[in-house]
Amino acid sequence: MISDSFWRIIRTGSVGLILAAAVAGLVLGDAWLWVAVEWSPPAYVEFYAPDGFDTLTTVALLVAALVKAALLWLILRAPAPGPLDRRAKALRRLLYLAVAYTLVLWYPIAMLPDAVDAAFQLALWTAIYVLYLLVIRWRSRMLRAAAGAMFAVGLAGMASELLDELDLPELGSGDIVELGLMLAGVAATIITIVGQRRDGRWSRGTQVAGWLSVGVYALVIPLNIFFGISSGSLAMLVMMDAVGLIGLVWIAATARELPTEDRSADPPPARRRVIRVAVAAVAVLPIIALIHPEQTPHLTYTGWSMDCYDRPSFGDLKPAERDAAFLCRARSTDGGVPPMFPDSLSDQQILASGRALCRTKDRDEQEAILTRAGSARSAWGADPWDLVYVCPEIVGATHPELLRSAAETKAANTAYIAEKNAKCRDPWPRTKGVVQATANYFLFADGDHGYLVHDPEDEVTDEASEQAIDKMYDDGTLIGVTRTSALIGHVEDVIDLCLTVKAFRTAPPQRTAGWQQVNEVPIVSRSGRLTVPEMGGGEVGAGAPMPNLAIAGKGRYRLRVYVRVGDAGEEHLVVVFPGASRKRFTLKP
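Source: prediction; values computed, not measured.

Participant: Before we go on, may I ask you to explain the state of the cysteines in this structure?
Facilitator: Linking two cysteines covalently via their sulfur atoms produces the bond known as a disulfide. Counted by the stated rule, this structure contains two disulfides. Here Cys-358 engages in a disulfide with Cys-391; their sulfurs sit 1.7 Å apart. Its S-S torsion of approximately -70 degrees makes the covalent link between Cys-358 and Cys-391 left-handed. Of this pair, Cys-358 sits in helix α14 (residues 347–358) while Cys-391 sits in the loop between α16 (384–387) and α17 (392–398), and the two are 33 residues apart along the sequence. Side by side, Cys-358 and Cys-391 carry an identical accessibility label, which is buried. Here Cys-424 connects covalently by a disulfide to Cys-498, the sulfurs 2.1 Å from one another. Since a negative S-S torsion denotes a left-handed disulfide, the Cys-424-Cys-498 link at about -80 degrees is left-handed. One end of the pair, Cys-424, is in the loop between α18 (406–422) and β1 (435–442); the other, Cys-498, is in strand β5 (residues 496–503), with 74 residues separating them in the sequence.

Written out as structure tokens, the structure is:
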């Protein structure tokens, strides 16, 4: 048995170390302050606060240091003396292990695979819950059964996390399931506290700590689900982490008072009043500290908010969700570009500026509004696909496509591609290839060198690609060859063209009549494939599936390209057939 004097040394040393480290952190920098208060590696600072702590976060860390020191003083109280049976001894050790895991052991365990962490917690709390049912004198079969049911739900949630880490089907997923598991955890805590009171061994202070832990849950759950703590200020995260230790106070007190047979005598009235004031201060003051003055900017989303990673279409959002989507875009730093509005502006100011941008008549008015707001990209103006979320009635009048849902956009794109493909005709309808296809080929809207006929499994270096581009313009044939690929350019300045590809076993007739340009070049297939890129999920490529033109497998082929421009736009015919010649021919210049 560890002596009481040893526990006092541990308590005093730990609390003193925390407070001294917090003070030292003010002098040595943000990383030291973070380690002193949050008990986590300094590297985490780069994730949570890449630009350093603001004044509010620094104050929150100092207040959290005091709160954590006080709560750690309660956690490290010496175990109560007295006899324990085998089950109670096991329960005490497991409860102290749970406390040690939350305070210290989580970091070394986090270095192991996530599945190990999930399995450890599942095994630990399964043993604790089973011993709760056996050690606590519930004095009611109904209460014990209810406790067992809530414990089982909590363990099911842990088991689901373990299955997820093992890439196995989960027991359940979604916000409703997550909320149900959280509420089951709260219910399990409440029932356990009721059981402790009916048992009679645990003091009023331990029960108060348990009820306070329930209060913390009651505060965290709505904040996390409805407001998103992860997307809130770092100061709120710090304070929530601090008051979260109240749950450890209750667990440690539960382990400490296991031997006592009767509940401790209630303290005198004066002392009870002091305890109530102290408990209220610990529970309420952190929340009061987070209440900002009216003029302080209210930030629902910042540039690194997890909720902003998804970019839903306007038509997929409910009216109440559209302002939040605009705030995400207004503060986004994707691609390393500066945000449309700085974080110094509140949500209300950004929304008001966004609606003002909708009413502007030209780019100059937009630039003036953004400049007044302190935007770092005022010269860029504002794009309609961002503004549609705050003024759909204005943007939708000129850009109705921006009002669509993702499904509607996909259907419209599919219909557009089908319409463009339908306008393209096979220029050699009576000459059938072994394989062939006709489709519209979509180029980059802002200009593109052309399209490829290539072996998709053979990697082409950047240097070879640049050489192909140079060759394409050097001889005027608009074909640049890099052995396993051919870059074919377009004559007109177009964003699409009609493309027909055909593969033959032998060279077909030249038939240059009606074509403005016909050229033939060598090409090699190392893998037994030659094809043209398709659109897939992008914006560039053929609008229909393209066949494998290397019908003879690996080897050398000849590539003949026919080009003409007429009333139907620019048309290309690509003919491929086996051939060992390495010469280039201009059949019609």
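Continuing now.
Participant: I'm lost on unusual backbone geometry in this one. Help?
Facilitator: Among all residues save glycine, negative phi is the norm, and among peptide bonds the norm is trans. Even without glycine at this site, Arg-139 takes up a positive phi of about 60 degrees. As for its placement among the helices and strands, Arg-139 is situated in the loop between α6 (114–135) and α7 (141–165).

Participant: Honestly, a negative patch on the surface in this entry has me stumped. Any pointers?
Facilitator: A contiguous patch of negative charge, built from Asp-114, Glu-161, Asp-164, Glu-165, Asp-167 and Glu-170, is present on the exposed surface. Element by element, the count of residues in the negative patch is highest for α7, at three residues.

Participant: Any chance you could explain the confidence of the model for the chain here in plain terms?
Facilitator: The predicted coordinates of low-pLDDT regions are not to be read in fine detail. Confidence in the prediction of the chain, expressed as mean pLDDT, is 83, and 81% of residues score 70 or more. Predicted confidence is poor over residues 225–231, with pLDDT under 50, and the contacts of this stretch with residues over four places away or in other chains come to 14 contacts. Of the regions scoring below 50 in pLDDT, residues 302–306 engages in ten contacts with residues more than four places distant in sequence or in other chains.

Participant: Which parts of the structure should I look at to understand the pattern of salt bridges?
Facilitator: Working definition: two side chains of opposite charge can pair if their charged atoms are close together. By the definition in use, this model includes 13 salt bridges. A salt bridge links Asp-323 to Arg-355; the nearest nitrogen and oxygen atoms lie 3.2 Å apart. With Asp-323 in helix α13 (residues 322–330) and Arg-355 in helix α14, this pair connects stretches of sequence that are 32 residues apart. Taking the relative accessible area as the measure of exposure, Arg-355 reaches 33% and is therefore partly exposed. Among the salt bridges present, the one from Arg-560 reaches Glu-520, with a minimum N-O distance of 2.9 Å.

Participant: Explain helix α11 (residues 246–256) here, please?
Facilitator: Along an α-helix, residues three or four apart share an orientation, since each turn contains 3.6 residues. Counting buried residues in α11 gives eleven out of eleven residues, a clear majority hidden from the surface. Buried within α11 are the following residues: Ile-246, Gly-247, Leu-248, Val-249, Trp-250, Ile-251, Ala-252, Ala-253, Thr-254, Ala-255 and Arg-256.

Participant: Help me understand the packing of aromatic side chains in this model?
Facilitator: Tallied over the entire structure, the rule returns eleven aromatic pairs. Relative to Phe-442, the ring of Tyr-416 lies with its centre 6.1 Å away and its plane at 45 degrees, an arrangement referred to as tilted. Of this pair, Tyr-416 sits in helix α18 while Phe-442 sits in strand β1; the two residues are 26 residues apart in sequence, bridging distant segments of the chain. Under the relative-accessibility criterion, Tyr-416 is labelled partly exposed at 41%.

Participant: Teacher, can you tell me more about empty space enclosed by the protein here?
Facilitator: Over the atoms, a rolling probe the size of a water molecule traces out where space has been left empty. Taken as a whole, this structure holds one cavity of 30 Å³ or more when the rule is applied. Counted as a void, the largest cavity has a volume near 30 Å³. Thr-477, Leu-478, Ile-479, Ile-488, Gly-489, Gln-517, Asn-519, Val-561 and Val-563 together form the lining of the largest cavity.

Participant: Help me out: how do you make sense of the packing of helix α4 (residues 55–75) against α11 in this one?
Facilitator: With their axes 8 Å apart at the nearest point, α4 and α11 run at an angle of 15 degrees to one another. With respect to their mutual orientation, α4 and α11 come out roughly parallel. Taken as a pair, α4 and α11 cross one another with a handedness that is left-handed. The segment α4 lies against α11, with Leu-71, Leu-74 and Ile-75 engaging Ile-246, Leu-248, Val-249, Ala-252 and Arg-256. Among the residues making up the contact of α4 with α11, the classes are represented as seven nonpolar, no polar and one charged.

Participant: What exactly am I supposed to notice about the sheet that holds strand β6 (residues 517–525) here?
Facilitator: Sheets are built from strands paired through backbone hydrogen bonds, the pairs being either parallel or antiparallel. With respect to topology, seven strands assemble into an open sheet ordered β7-β1-β5-β9-β8-β6-β10, the strand pairing being mixed. This sheet does not close on itself; its edge strands, each paired only once, are β7 (541–542) and β10 (585–588). Contacts between α18 and the sheet are confined to β1 and β5, with β1 contributing the most and set at about 120 degrees to the helix.

Participant: Would you explain α7 in this entry?
Facilitator: Helix length check: α7, at 25 residues, gives a terminal C-alpha distance of 36 Å against a target of 36 Å (1.5 Å per residue), a fit within 8%. For α7, every residue scored as buried is listed here: Leu-143, Ala-147, Phe-151, Leu-155, Gly-157, Met-158, Ser-160 and Leu-162. Trailing α7 by a residue or two, Asp-167 shows a phi angle of about 60 degrees, which is positive.

Participant: Is there a simple way to explain the pairing of strand β9 (residues 569–578) in this structure?
Facilitator: Remark: a regular strand shows side chains that alternate across the two faces of the sheet. Along β9, eight of the ten residues are buried, which leaves the element largely enclosed by surrounding structure. Inspection of the sheet shows strand β8 (residues 555–566) paired to β9 by ten bridges, in the antiparallel sense. Following the sheet pairing, Tyr-562 is matched in β9 by Leu-573. In textbook terms, the turn of a hairpin is the stretch between consecutive antiparallel strands, and for β8 and β9 this stretch comprises two residues.

What counts, and where the lines are drawn
Residues numbered from 1 in each chain as written. Predicted model: local features only at pLDDT ≥ 70, side-chain atom pairs only at ≥ 80, totals over all residues. Heavy atoms only, no water. Disulfide = S-S within 2.5 Å. Helix = DSSP H or I, 4+ residues; strand = E, 2+ residues; numbered from the N terminus. Buried < 20%, exposed > 50% of the residue type's maximum accessible area, 1.4 Å probe, protein only. Patch = residues over 30% accessible without salt bridge, like charges linked within 9 Å, V, L, I, M, F, W, Y side chains within 5 Å. Areas by Shrake-Rupley, 256 points an atom, 1.4 Å probe, with all protein chains shown as cover. Salt bridge = Lys/Arg side-chain N within 4 Å of Asp/Glu carboxyl O. Lys, Arg positive; Asp, Glu negative; His and termini not counted. Charge placed at Lys NZ, Arg CZ, Asp CG, Glu CD. pLDDT = per-residue confidence, 0-100. Contact = heavy atoms within 4.5 Å. Phe/Tyr/Trp six-rings, centres within 6.5 Å; stacked < 30°, edge-to-face > 60°. 1 Å grid on protein atoms, 1.4 Å probe; cavity = no way out; pocket = protein on both sides within 12 Å on 5 of 7 lines; lining within 4 Å. Points joined across faces, edges and corners; volume = space filled by probe spheres on them. Axes fitted to C-alpha atoms, helices over the stretch in contact; angles between N-to-C directions. Parallel < 35°, antiparallel > 145°, perpendicular 65-115°, else oblique. Left-handed = near helix turned anticlockwise from the far one by under 90°. Nonpolar A, V, L, I, M, F, W, Y, C, P; charged D, E, K, R; others polar. Pairing = 2+ DSSP bridges. Expected span 1.5 Å × (residues − 1).

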